[in-house]
Amino acid sequence: KQEVTQIPAALSVPEGENLVLNCSFTDSAIYNLQWFRQDPGKGLTSLLLIQSSQREQTSGRLNASLDKSSGRSTLYIAASQPGDSATYLCAILQGGSEKLVFGKGTKLTVNP
Amino acid sequence: DTAVSQTPKYLVTQMGNDKSIKCEQNLGHDTMYWYKQDSKKFLKIMFSYNNKELIINETVPNRFSPKSPDKAHLNLHINSLELGDSAVYFCASSQRAGVGEAFFGQGTRLTVV
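For every chain, the first residue of the written sequence is number 1, and numbering continues from 1 onward in sequence order. Lettering of chains starts at A and numbering of ligands starts at 1, both following the order in which they are written. Given that the model is predicted, a residue must reach a pLDDT of at least 70 before its local features are reported, and side-chain atom pairs must reach 80 or more before they are shown or counted; all residues, however, enter totals for whole chains, interfaces and linings. Side-chain numbers here rest on the full set of heavy atoms in the structure, without hydrogens or water.

Asks: So what exactly am I meant to see when it comes to the overall build of chain A here?
Replies: Here a helix means four or more residues in a row that DSSP labels H or I, a strand means two or more in a row labelled E, and each is numbered from the N terminus. Regarding its fold elements, chain A presents zero helices and eleven strands. Starting at the N terminus, the α and β elements of chain A follow one another as β-β-β-β-β-β-β-β-β-β-β. For chain A, the C-alpha radius of gyration of 13 Å lies close to 13 Å, the compact-globule estimate for 112 residues. Counting only C-alpha atoms, chain A reaches 45 × 25 × 20 Å along its principal axes. Classification of residues uses two cut-offs on accessible area relative to the type maximum, computed with a 1.4 Å probe and protein chains only: under 20% is buried, over 50% is exposed, and between them is partly exposed. Taken over 112 residues, chain A has a buried fraction of 44%. Accessible surface area values rest on a Shrake-Rupley calculation with a 1.4 Å probe, where residue burial reflects the displayed protein chains alone. Element-wise, carbon and sulfur atoms account for 48% of the exposed surface of chain A, whose accessible area totals about 5,200 Å². Positive charge is attributed to Lys and Arg, negative charge to Asp and Glu, and no charge count is given to His or to the chain ends. Charge positions come from single atoms, namely NZ of Lys, CZ of Arg, CG of Asp or CD of Glu. Of the charged side chains in chain A, 10 are positive and 9 negative; the average position of the first set lies 5 Å away from that of the second. The atom set for the radius of gyration is the C-alpha atoms, and the globule formula is 2.2 Å times the number of residues raised to the power 0.38.

And the structure:
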């Protein structure tokens, strides 16, 4: 059974800092990994999708990496801004499955 | 244009009532999902439909009944609501089952009193 863990549960940083959010998973037989952002009272916004054959994906100030062998993914946010404050969720699509398995998220606060 | 839209956004109802949440996607996707986010913010799948056919039913009480009239719509009907059903329910879609990026709706916050 796939389990997804995100550490830390909460993170507070000053504006402008570069930061890394971590996601680990127990079963490396994944199809893809997706990073989402959730703002309070809002839905999930897809940030980056990494296929199992890929090592990283980039979008603007965001860079996600995937290391299947070690069961880890990181989301790197460069030059953080207060608008980046949100909960970041990592989700795994298991090979042969049709459902996403989510971590519990990291709540990020970027202080002006 | 909203890709995945669900209504209502908020729903407050009494125990024992029956309620429905509607979801529509305009992405042309084949697969739609219902996820539940509990009070601890943990997201778990409930159901998945592929081209109107149920493909995932994740040990959800049978008071919850999804209905997919066509592949662009997936509604969730809940009978005899209980306090423990209070949660945020998210609809999502993807191009095909187990393939591609998943897109989520804004969520429906259900409060049972």
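Asks: Can you help me understand the pairing of strand β9 (residues 86-94) of chain A in this one?
Replies: Regular strands have side chains that alternate between both faces of the sheet. Residues and elements named next belong to chain A. The element β9 is extensively covered by neighbouring structure, given that eight of its nine residues are classed as buried. Between any two strands, at least two bridges found by DSSP are needed for them to pair. Sheet topology note: the strand β4 (residues 30-38)/β9 ladder contains eight bridges and is antiparallel. Counted as the bridge partner of arginine 37 is tyrosine 88 from β9. In terms of strand pairing, β9 meets strand β10 (residues 100-102) through three bridges, oriented antiparallel. When the sheet's bridge partners are listed, alanine 91 is paired in β10 with phenylalanine 102. Connecting β9 to the antiparallel partner β10 that follows it, the hairpin turn spans five residues, and glycine 96 within it adopts a positive phi of roughly 80 degrees.

Asks: Help me out: how do you make sense of the interface of chain B and chain A in this one?
Replies: It is common to give the size of an interface as the accessible area that goes away when the parts come together. At the interface, 20 residues of chain B touch 20 residues of chain A. Buried area is a sum: the accessible area each of two parts loses on coming together, probed at 1.4 Å, counted once for each and added. Across the interface of chain B and chain A, roughly 1,700 Å² is buried in total on both sides, 58% from carbon and sulfur atoms. By definition here, a salt bridge exists when the distance from a side-chain nitrogen of Lys or Arg to a carboxyl oxygen of Asp or Glu is within 4 Å. Taken together, the links from chain B to chain A amount to one salt bridge. One salt bridge connects lysine 99 of chain A with glutamate 58 of chain B, and the closest N-O pair in it is separated by 2.5 Å. When contributions to the side of chain B that touches chain A are tallied by element, the ones reaching two or more residues are β4 (31-37), β5 (43-50) and β6 (53-57) of chain B. Looking at the side of chain B that touches chain A element by element, the count peaks at three residues for β4 of chain B. A contact between two residues is defined here by any heavy atoms of the two lying within 4.5 Å.

Asks: Whenever I open this one, the packing of aromatic side chains confuses me. Can you help?
Replies: Two numbers describe a pair of aromatic rings. These are the distance of the centres and the angle of the planes. Ring geometry is summarised as follows: Phe, Tyr and Trp rings, the Trp one being its six-membered ring, pair when their centres sit within 6.5 Å, and such pairs are stacked at plane angles under 30 degrees, edge-to-face over 60 and tilted between the two. Under the counting rule described, the total for this entry stands at eight aromatic pairs over all chains. Summarising the aromatic geometry, the rings of phenylalanine 36 of chain A and phenylalanine 102 of chain A are spaced 5.7 Å apart at their centres and angled 35 degrees between planes, so their arrangement reads as tilted. A residue pair is termed long-range when its members are at least 10 positions apart, and phenylalanine 36 of chain A in strand β4 and phenylalanine 102 of chain A in strand β10 qualify at 66 residues. Judged by its relative accessible area of 0%, phenylalanine 36 of chain A is buried. Pairing phenylalanine 90 of chain B with phenylalanine 104 of chain B gives two aromatic rings, centres 6.4 Å apart and planes at 70 degrees, and the pair type is edge-to-face. One end of the pair, phenylalanine 90 of chain B, is in strand β9 (residues 87-94); the other, phenylalanine 104 of chain B, is in strand β10 (residues 103-104), with 14 residues separating them in the sequence. Its relative accessible area of 1% is what places phenylalanine 90 of chain B among the buried residues. Taking relative accessible area as the criterion, phenylalanine 104 of chain B reaches 9% and is therefore assigned buried. A network of ring pairs unites the aromatic residues Phe36 and Phe102 of chain A together with Tyr33, Tyr35, Phe90 and Phe104 of chain B as a single cluster. Placement of a charge over a ring requires the Lys NZ or Arg CZ to be within 6 Å of the ring centre, with the centre-to-atom vector within 35 degrees of the ring normal. Geometry around phenylalanine 42 of chain B places lysine 104 of chain A over its ring, the cationic atom sitting 5.5 Å from the centre.

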